[in-house]
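# Coordinate analysis (summary)
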Amino acid sequence: MSKPVLYDYWRSSAAYRVRIALNLKGVAYESRVVSLIDGEQSRAENRARNPQGLVPTLEIDGHELTQSLAIIDYLDARYPDPALVSSDPAARSRTLARAMVIAADIHPLDNLRVLKYLKNELGHEQAAIDTWYRHWIAEGFAALEAQAPDRGLFGGDTPDLSDICLVPQMYNARRFETDLAPYPKLVRIDAALNGQDAFAQATPEAVKP
């Protein structure tokens, strides 16, 4: 069986999530860079495997899988240990809700193509764009902080899907100089997760070409 191939970009939040999940599952994979800065995501070769012209795409078991949460769902079904989403319906729903705060509410508004559109097509200054970015992070993080446990991770003793989504978004928050003081629980969880090899080995700096 051939090794899975991840079409990846080092600073893509969505690809970062998948790298974490692959590491947690112990799945060895080959990374192939699709440069978002050079526009490689929009080229025909990438669109043939990812019609949205995005990353990541995971080639695995004869499939080409897109959308980070859908990829992670596949990995969780294919490699059930450790489980990233509970089999209990209520716990599963809460985990998915937390993950979607980031993957559906924060990240789409702060995606690179959105930021480029604000700057190039709509003519906004970079300072205004950065304020936009931080605003949507703050909106989502306030909700997550209210749900965060006083001890442990969102997943309890082991990371769950919402933990996987949190770490890349915390990385982005720091990159855009977001004030994290109002979110001490998120800061604590992020620090604990980044102390684990699966997370540390997936960081943008660890995989940067």
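Residues numbered from 1 in each chain as written. Predicted model: local features only at pLDDT ≥ 70, side-chain atom pairs only at ≥ 80, totals over all residues. Heavy atoms only, no water.

### Re the sheet that holds strand β3 (residues 57-60)
Read from one edge of the open sheet, 4 strands run β2-β1-β3-β4, paired in mixed fashion. Each having just a single partner strand, β2 (30-33) and β4 (63-66) make up the two edges of the open sheet. Going across the sheet, the axis of each strand differs from the next one's by a mean of 20 degrees, ignoring polarity. Examined bridge by bridge, β3 and β4 share 4 bridges and lie antiparallel to one another. In the sheet register, leucine 58 faces β4, and the bridge partner there is leucine 65. Across the face of the sheet, helix α3 (residues 68-78) comes into contact with β3 and β4 while running at roughly 130 degrees to β4. (Pairing = 2+ DSSP bridges. Helix = DSSP H or I, 4+ residues; strand = E, 2+ residues; numbered from the N terminus. Axes fitted to C-alpha atoms, helices over the stretch in contact; angles between N-to-C directions. Contact = heavy atoms within 4.5 Å.)

### A word on the UniProt feature "domain: GST N-terminal" (unreviewed entry) in the protein
Within the UniProt annotation, "domain: GST N-terminal" (unreviewed entry) is assigned to residues 2-83. Across residues 2-83 one finds 37% helix and 20% strand; the C-alpha atoms that close the span lie 24 Å apart. (UniProt positions renumbered as here; feature names shortened; annotations may be inferred.)

### Observations regarding the pairing of β3
Here is the key point about a regular strand: its side chains alternate between the two faces of the sheet. When strand β1 (residues 5-8) meets β3, the two strands line up antiparallel, connected through 3 bridges. Within β3, the residue paired with valine 5 across the bridge is glutamate 59. Counted along the chain from β3 to the antiparallel partner β4, the turn is 2 residues long, and its residue aspartate 61 has a positive phi close to 55 degrees.

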